[in-house]
Amino acid sequence: MLKDLFPKKKRYATITPHPSSRDKVPEGLMNKCKRCGEILLSKELEKHLKTCPHCAYHFTMTAEERIQVTLDEGSFQAFNDRIRTENPLEFPGYLEKLEKVQESTGMKEGVLTGSGTIAGYPVVVAVMDANFIMGSMGSVVGEKLTRAVEQAMELNCPMIIFSVSGGARMQEGVFSLMQMAKVSAALARLAEKRLLYISVLTNPTTGGVTASFAMQGDLNLSEPGAIIGFAGRRVIEPMIRQKLPDEFQTAEFVLEHGMLDQVVHRKDLKPLLATVLSLHAQGGSL
Amino acid sequence: MAVDLPFEKPLIELRDKIEELKKFTEEKGIDMSTEVATLENKAQLLAETIYKELTPWQKVQIARHPDRPTTLDYILGISDDFVEMHGDRNFRDDPAVVGGIARFDGYPITVVGTQKGKGTKDNLYRNFGMAHPEGYRKALRLMKQAEKFRRPLLCFIDTAGAYPGPGAEERGQGEAIARNLIEMASLKIPIVVVVTGEGGSGGALGLGVGDKVLMLEHAWYSVIAPESAAAILWKDATLGQRAADSMGITAQDLYRFHIIDEIIQEPFGGAHRNPAQMIATVKQLVASSFQELMTYHYDELPALRYDKYRKMGIFSEDNR
Ligand SMILES: [Zn+2]
């Protein structure tokens with residue numbers, strides 16, 4: 001069952017997403033699929049874009065891997081790598097925690113942003129990373145996303161955001177909350193300029209990220225089995241004193257309830273993005 | 001019957017003692033006015049000590065006080081001709097969000113807000129002020145209507161958060177809040193937001209994007225309710241006090257952070273100690289906020305609002 005794939009321990013989210021950092025493909029040659037138990041060779045897994053060829057289970061990708069498989073080779077140019085996280089509430093242990101995560105991920109913050117092309121179509125992309133404090137959004141993530149959207153307007157090109165997040169970052173308190181308003185306001189401007197915005201919600205996308213930019217796409221897309229919701233299962237279940245069905249808050253469930261346009265297998269995502277981009281190549285109108 | 005808060009206990013005890021002494025004086029005909037005066041003096045000093053140095057956690061308790069004025073109290077108290085409107089035209093009417101049109105300071109406005117109940121029955125009806133998606137969608141319907149008629153928009157916020165339930169998830173709680181954020185950013189009308197009690201997370205922000213955001217002196221507003229933060233950070237919801245004290249959630253904090261524009265002073269001891277005075281103060285500050293915003297061409301407001309939110313967030317930039 002899907003829920004058994006994820007560890008019980010929860011950490012930083014305002015809600016309780018299923019932490020996905022643990023289902024990273026291990027470094028070894030052999031990997032066991034977390035859903036069907038098949039043994040997969042690393043090479044095989046790479047070839048299938050980190051999805052299981054037997055059961056289509058989608059393993060978590062790092063931001064870097066996502067860029068690699070989505071953008072045309074060598075086209076990615078990163079933005080704003082010089083923004084540094086601060087500790088505005090002087091939250092105990094926050095900077096130490098950041099340092100550790102920076103070391104383990106090699107990232108400075110939880111999102112990579114930049115420009116590039118997909119099948120030759122210019123885009124601005126932002127890709128969140130699940131391994132960076134649960135992909136949580138603090139001031140830097142919000143600022144980088146906002147600048148990326150502004151850059152898309154500058155370049156007059158579509159914006160694509162790949163979300164993965166436990167929600168707003170608690171250690172930055174109300175500053176994190178306000179990033180939801182800030183990024184939304186930037187996307188409102190992008191819409192006014194009639195530029196395309198595609199939101200790709202990956203596993204898991206929850207809390208304040210779902211309640212802001214992840215749900216604001218002209219197209220909202222997701223991958224099979226991704227957990228998408230506002231409040232997590234572990235908040236809701238004690239509230240209603242009932243166990244929720246396994247399919248609750250899966251991408252398929254969210255699609256059925258009308259919040260997504262499509263659930264797309266990872267291998268079909270780039271071609272779909274290319275098609276949608278091509279259909280907007282003249283700005284959607286003559 | 002007023003509900004007293006735990007930290008008010010010494011004061012309540014002292015006041016009870018004074019009452020007893022007064023009664024004793026009357027019954028026995030013994031003059032103890034000097035003693036009474038001394039104790040009254042002491043009570044006054046104690047009250048000042050308590051209320052002037054409230055900790056964040058104590059403010060959270062005041063913000064949740066059951067006798068605190070609710071959104072409908074404010075709406076009815078500051079405006080005339082309130083016409084309530086119901087329903088999101090899609091699924092149902094959400095009683096946790098109220099809204100409508102009214103006459104304020106001589107001109108028509110649209111007003112929306114989260115609504116807590118009074119007493120258990122009313123609270124069950126109002127879902128304790130925790131909205132479902134249809135509540136946010138009702139609010140959005142009224143906001144768009146306000147823009148259509150070029151009426152200023154007033155939003156009241158008092159919610160622990162958006163309701164975390166299966167129905168809310170099925171109907172897109174995240175999408176509903178997300179849509180309000182993007183739409184409120186673009187509304188070409190003046191928006192004044194008043195956080196009157198609890199400003200819990202995205203559920204508060206979903207009605208909270210405005211040109212002027214005012215906050216009552218003892219209200220709290222943060223990314224998450226203190227108990228929930230504690231449950232996640234330290235796996236212990238009873239550490240809400242510790243979370244409240246360390247997360248910068250008070251009106252004073254948010255003013256210092258430039259997240260809110262103004263603090264609205266509460267009556268001594270909190271809004272529930274003198275609701276009429278509280279409502280009058282709110283009315284005055286909302287009126288002056290609208291007066292200022294109405295001097296702008298409404299089409300300019302989204303750009304000004306963008307500049308305001310654009311600056312939010314703390315980070316540094318390395319220019320090497
Ligand atoms: Zn498998």
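Residues numbered from 1 in each chain as written. Chains lettered and ligands numbered in written order. Predicted model: local features only at pLDDT ≥ 70, side-chain atom pairs only at ≥ 80, totals over all residues.

Right, let's talk about the overall build of chain B for a bit. In terms of regular secondary structure, chain B is built from 14 helices and 9 strands. The proportion of buried residues among the 320 residues of chain B is 48%. Residue pairs in contact within chain B that sit at least 24 positions apart in sequence constitute 71% of those at least 6 positions apart. (Helix = DSSP H or I, 4+ residues; strand = E, 2+ residues; numbered from the N terminus. Buried ≥ 20, exposed ≤ 12 C-beta atoms within 10 Å, placed from the backbone. Contact = placed C-beta atoms within 7 Å.)

Another aspect to go through is the sheet that holds strand E3 (residues 77-78) of chain A. All names here are of chain A. Spatially, the 7 strands line up as an open sheet ordered E3-E5-E6-E7-E8-E9-E10, and their pairing is mixed. What marks the edges here is a single partner per strand, and that holds for E3 and strand E10 (262-263). As judged from the 6 bridges shared by strand E7 (residues 159-165) and strand E8 (residues 197-205), these two strands associate in the parallel manner. Across the sheet, the residue bridging to isoleucine 161 is serine 199, located in E8. Along the sheet face, helix H4 (residues 139-155) touches strand E5 (111-118), strand E6 (121-128) and E7 and points at about 25° away from the line of E5. (Pairing = 2+ DSSP bridges. Axes fitted to C-alpha atoms, helices over the stretch in contact; angles between N-to-C directions.)

Along an α-helix, residues three or four positions apart point the same way, because every turn accommodates 3.6 residues. Taken residue by residue, helix H2 (residues 63-70) of chain A has A:Ala63, A:Arg66 and A:Thr70 as its buried positions. Looking down the long axis of H2(A), one finds its buried residues gathered within 60° of arc, a one-sided arrangement. (Arc of directions from axis to C-beta.)

A separate point is unusual backbone geometry. Residues A:Asn203 and A:Pro204 are joined by a peptide bond in cis, for which omega reads -10°. Inspection of the secondary structure assignment puts A:Pro204 in strand E8. Although it is not a glycine, A:Arg194 sits at a positive phi angle of roughly 55°. By the secondary structure assignment, A:Arg194 is in the loop between helix H5 (173-192) and E8. We note that B:His258 has phi near 60°; this positive angle belongs to a residue other than glycine. Assignment of secondary structure puts B:His258 in the loop between helix H12 (251-256) and strand E8 (262-264). The class of B:His258 is exposed, set by 10 C-beta atoms lying within 10 Å.

What follows deals with the interface of chain A and chain B. Many structure descriptions define interface size as the accessible area lost when the parts assemble. Residue-level contacts link 50 residues of chain A with 46 residues of chain B. Those elements that provide at least two residues to the side of chain A that touches chain B are strand E4 (83-85), H4, H5, helix H6 (207-210) and helix H7 (233-240) of chain A. No other element matches the 15 residues that H5(A) contributes to the side of chain A that touches chain B. Considering only residue class, the side of chain A that touches chain B consists of 28 nonpolar, 15 polar and 7 charged. As judged from the 3 bridges shared by E4(A) and strand E9 (residues 315-317) of chain B, these two strands associate in the antiparallel manner. What sits directly across from A:Arg84, in E9(B), is B:Ser316. (Nonpolar A, V, L, I, M, F, W, Y, C, P; charged D, E, K, R; others polar.)

Now for the domain arrangement of chain B. Partitioning chain B into structural domains gives domain 1 (6-53) and domain 2 (60-310). Placing a centre on the C-alpha atoms of domain 1 of chain B and another on those of domain 2 of chain B gives a separation of 38 Å. (Domains from an automatic or database assignment.)

Within the largest apolar cluster, 153 residues are counted, with the highest numbers of intra-cluster contacts made by A:Met159, B:Leu181 and B:Met215. At 12 residues, the largest contribution of residues to this core is made by H5(A). Discounting residues that sit within four places of it in the chain, A:Met159 has contacts with A:Val124, A:Ala148, A:Val149, A:Ala152, A:Leu190, A:Leu195 and A:Tyr197. If you look at the next biggest cluster of nonpolar residues, it comprises 5 residues, including A:Leu40, A:Cys52, A:Tyr57 and A:Phe59. (Core = buried A, V, L, I, M, F, W, Y, C linked by C-beta atoms within 7 Å.)

What follows concerns the pairing of strand E3 (residues 107-114) of chain B. Residue and element names in this part refer to chain B. In terms of residue burial, E3 counts as a mostly covered element, since 6 of its 8 residues are buried. As judged from the 8 bridges shared by strand E2 (residues 97-104) and E3, these two strands associate in the antiparallel manner. Along E3, the bridge assignment pairs valine 98 with glycine 113. Joining the antiparallel neighbours E2 and E3 is a turn of 2 residues, in which aspartate 105 adopts a positive phi near 55°. Bridge analysis of E3 against strand E4 (residues 153-159) gives 4 bridges, and the strand direction is parallel.

Turning next to the packing of H5(A) against helix H8 (residues 173-186) of chain B. Contact geometry for H5(A) and H8(B): axes closest at 8 Å, N-to-C directions at 65°. For the element pair H5(A) and H8(B), the recorded crossing hand is right-handed. Contact residues: A:Met180, A:Ala181, A:Ser184, A:Ala185, A:Leu187 and A:Ala188 in H5(A); B:Leu181, B:Ile182, B:Ala185 and B:Ser186 in H8(B). A class-by-class count of the residues in the contact of H5(A) with H8(B) yields 8 nonpolar, 2 polar and no charged. (Left-handed = near helix turned anticlockwise from the far one by under 90°.)

This part covers the environment of B:Ser222. As for its position among the elements, B:Ser222 is in strand E7 (residues 220-222). Accessibility expressed as a C-beta count within 10 Å gives 32 for B:Ser222, which makes it buried. Residues B:Ser222 and B:Thr250 lie 28 residues apart in sequence; the distance between their C-alpha atoms is 8.4 Å. Beyond its immediate chain neighbours, meaning those up to four positions away, B:Ser222 contacts A:Gly173, A:Val174, A:Leu177, B:Gly199, B:Met247 and B:Ile249.

So, about the environment of A:Glu44. Tracing the backbone through its elements, the reader meets A:Glu44 in helix H1 (residues 42-47). Note: C-alpha distance between A:Glu44 and A:Glu90 (46 residues apart in sequence) is 46 Å.

For the rest of this paragraph, the subject is the packing of helix H1 (residues 9-28) of chain B against helix H2 (residues 33-52) of chain B. All names here are of chain B. Contact geometry of H1 with H2 gives a least axis separation of 10 Å together with a crossing angle of 165°. Judged by the inter-axis angle, H1 sits roughly antiparallel to H2. In terms of crossing hand, the pair formed by H1 and H2 is left-handed. Residues Pro10, Leu11, Leu14, Arg15, Lys17, Ile18, Leu21 and Lys22 of H1 form the contact with H2, whose participating residues are Glu35, Val36, Leu39, Glu40, Lys42, Ala43, Leu46, Ala47 and Ile50. Taken together, the residues of the contact of H1 with H2 sort by class into 11 nonpolar, no polar and 6 charged. (Parallel < 35°, antiparallel > 145°, perpendicular 65-115°, else oblique.)

All names here are of chain B. Extensive coverage of strand E5 (residues 191-200) is indicated by the burial of 10 of its 10 residues. Bridge count between E5 and strand E6 (residues 212-216): 4 bridges; the pairing is parallel. Looking at the pairing, valine 192 lines up with lysine 212 of E6. Pairing between E5 and E7: 3 bridges, direction parallel. Within E7, the residue paired with glycine 199 across the bridge is tyrosine 221.

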